[in-house]
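Here's the letter readout for the chains.
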Number of protein chains: 2
Amino acid sequence: MRRDAILEAALSEFYEKGLAAARLDDIAERAGVSKGTLYLYFSSKEDLFRGLIDHHTGPAIERIKSMVGLAPSMEQALESFSHIAPSIIKETSMPLMIKVMIGESQAFPDIIRHHRTQIIDQCYSILIDALQAAQDRGEIDIDNVEMTARLVFAPVVYSGIWRSVFDPVSEKELDYDALFKAHTKMMLRGLNYRPQTQRDGT
Amino acid sequence: MRRDAILEAALSEFYEKGLAAARLDDIAERAGVSKGTLYLYFSSKEDLFRGLIDHHTGPAIERIKSMVGLAPSMEQALESFSHIAPSIIKETSMPLMIKVMIGESQAFPDIIRHHRTQIIDQCYSILIDALQAAQDRGEIDIDNVEMTARLVFAPVVYSGIWRSVFDPVSEKELDYDALFKAHTKMMLRGLNYRPQTQRDGT
DNA sequence: TAATACTGACTGACCAGTCAGTTATATAGA
DNA sequence: TCTATATAACTGACTGGTCAGTCAGTATTA
């Protein structure tokens, strides 16, 4: 679709040059359309930017919810997390979007605020609930559930940054599989994880 | 100093708007000088940007080296780390610099490459050496030293981003002290940390 | 009175956004 | 099936505003 081609080209250009420095002529050329056509789909450069964000972050929450919310044990949750995370980092444009959004965060505080409240806080509360439930059934033993949730998530942010910022200037890319494997192992120990038996832990 | 005032103003403007969108007139006004004066200290906007980076990242390595390199045990190293990290996040302009550098990373790959090789890799090798030494004397027990070093550092990146991107759009700021306290605790457990006695562990 | 530091109006390049004109597609009638 | 006409999709030269960088002139200090 024309619209998708434009969005893809816009992401590339915004990622490479930033919103202000990206030229609509370049985006149009990259998408294989003329500049005028851009304005048939988006009313302005800013509208294109906002359209890009909507396009990429709409489906994001659902994926995360299903990933974390439905695992039977903390071990399995972390296991599937550390499996899926590297492929998201390597194969989706999430890291590029992160880079672009960080770059424009001060210029568009409403977008950032919206994302924090609608996506990030959502993710944390899912994660916090999962941790709290595991804590309640004696599966893990931690002091500060909220901060622990952030620590579980920190390597995702780290990887997103590394992927979009440092991988492009490195000879070989970071081994995200190894990183998340190590993370899972560290977490399980750090959480004082003890597998629950079949019996109810009451 | 005039030069310092200009650099400070430049950081604020670059942070708020990005390099391309920042106007030299605004930087000059913010620094309390005329636009012409900027050109007495810096030959171009890009030169100002590079000057800013040099100004902030020159002293950085030394601080980190002294922090991690000289602690007698892993526990003490992590302890001092989790003490110093929050104050660096909250009280220095490191998070702002991180945000700016991420935003311009694709536009100035040479700067990013230089930083990775000269600062980040340095930090990691210090950290890796410290972990390896602790491993060798039986203080900790981990599989992957390199990835573990990255996991120790991940919350610093996370905090830097949160500080510069999300704190400005939040009612209350993140509790970085609690975050790093939790991190240290998790790490000590995750590393399988066992304090060494006075005796040699051979 | 010389040298140095600073100023801010000016200019030329650049680019977001426009719109008159062109091309492609759909519909209808012969 | 072929032409005519209407409509929708697209094009790219053009314009007006913006801003990095300049430099002749002014203020300050030695």
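Overview of the structure. What you are looking at is a predicted structure, and each value in this text was computed from that prediction instead of being measured.

### Section: the overall build of chain A
- Check the secondary structure of chain A and you find 10 helices and 0 strands.
- Out of the 202 residues belonging to chain A, those deemed buried represent 51%.
- For chain A, restricting intrachain contacts to residue pairs at least 6 apart in sequence, the fraction spanning at least 24 positions comes to 69%.
- For chain A, the accessible area works out to roughly 9,600 Å², and carbon and sulfur atoms hold 51% of it.
- Averaging the positions of the 23 positive and the 29 negative side-chain charges in chain A gives two centres separated by 1 Å.

### Brief notes about the relation of the copies chain B and chain A
- Once chain B has been moved 0.0 Å along the axis and rotated by 180°, it coincides with chain A to within an RMSD of 0.0 Å. Such a turn and shift between the copies fits a two-fold axis.
- Of the interface residues in chain B, 100% have counterparts in chain A that sit at the interface too, so the contact is made through matching surfaces.

### Some thoughts on the protein's contact with DNA strand C
- Neighbouring DNA strand C are 14 residues, the closest being Leu24(A), Lys35(A), Lys45(A), Ser34(B) and Thr37(B).
- Put simply, 62% of the atoms of DNA strand C that lie within 4 Å of the protein are in sugar or phosphate.
- Ala22(A) is positioned such that a nitrogen or oxygen atom in its backbone is 3.0 Å from a phosphate oxygen of DNA strand C.
- Lys35(A) places a polar side-chain atom, nitrogen or oxygen, 2.8 Å from a base nitrogen of DNA strand C.
- Mapped onto the surface near DNA strand C, the elements with two or more residues apiece are helix H3 (35-41) of chain A together with helix H3 (35-41) of chain B.
- Element by element, the count of residues in the surface near DNA strand C is highest for H3(B), at 4 residues.

### Structural notes on the pattern of salt bridges
Residues and elements named next belong to chain A.
- Applying the stated rule across the entire model yields 32 salt bridges over all chains.
- When the shortest N-O distance is used, the salt bridge between arginine 30 and glutamate 13 registers 2.6 Å. Here glutamate 13 lies in helix H1 (residues 2-17) and arginine 30 lies in helix H2 (residues 24-31), a separation of 17 residues in the sequence.
- For arginine 30, a relative accessible area of 42% gives the class partly exposed.
- The exposure class assigned to glutamate 13 is buried, which follows from its relative accessible area of 5%.
- For the salt bridge of arginine 50 with aspartate 110, the shortest nitrogen-to-oxygen distance reads 2.9 Å. Here the residue arginine 50 occupies a position in helix H4 (residues 45-57), and aspartate 110 occupies one in helix H8 (residues 109-136), the gap between them amounting to 60 residues.
- A relative accessible area of 26% places arginine 50 in the partly exposed class.
- Classification of aspartate 110 as partly exposed rests on a relative accessible area of 37%.

Cut-off values and rules
Every chain's residues receive numbers from 1 upward, in the order its sequence appears when written. Labels follow written order: the first chain is A, the first ligand is 1, and so on. With pLDDT at 70 or above as the cut-off, local features in this predicted model cover only qualifying residues; side-chain atom pairs require 80 or more to be listed or tallied, and sums for whole chains, interfaces and linings still use all residues. The side-chain figures draw on all heavy atoms in the structure; neither hydrogens nor water molecules are used. Starting at the N terminus, helices and strands are each numbered in turn, a helix being any DSSP run of H or I of at least four residues and a strand any DSSP run of E of at least two. Accessibility here uses a 1.4 Å probe with only protein chains present; expressed as a share of the type maximum, an area under 20% marks a residue as buried, one over 50% as exposed, and anything in between as partly exposed. The contact rule is simple, with two residues in contact once any of their heavy atoms fall within 4.5 Å. Shrake-Rupley sampling with a 1.4 Å probe provides the accessible areas, and residues are treated as covered by the protein chains on show and by no other component. Just so you know, the count uses Lys and Arg for positive and Asp and Glu for negative, and it drops His and the chain ends. Working definition for charges: the position is that of NZ of Lys, CZ of Arg, CG of Asp or CD of Glu. The copies were overlaid by least squares, fitting only the C-alpha atoms of residues that reach a pLDDT of 70 or more in each copy. Distances are taken per atom, and a residue is near a molecule or strand as soon as one of its heavy atoms is within 4 Å of it. Side-chain atoms alone can form a polar contact between residues adjacent in sequence; in general such a contact is a pair of N or O atoms within 3.5 Å, and within protein one must be able to donate a hydrogen while the other accepts it. The salt bridge definition used is simple: a Lys or Arg side-chain nitrogen within 4 Å of an Asp or Glu carboxyl oxygen.

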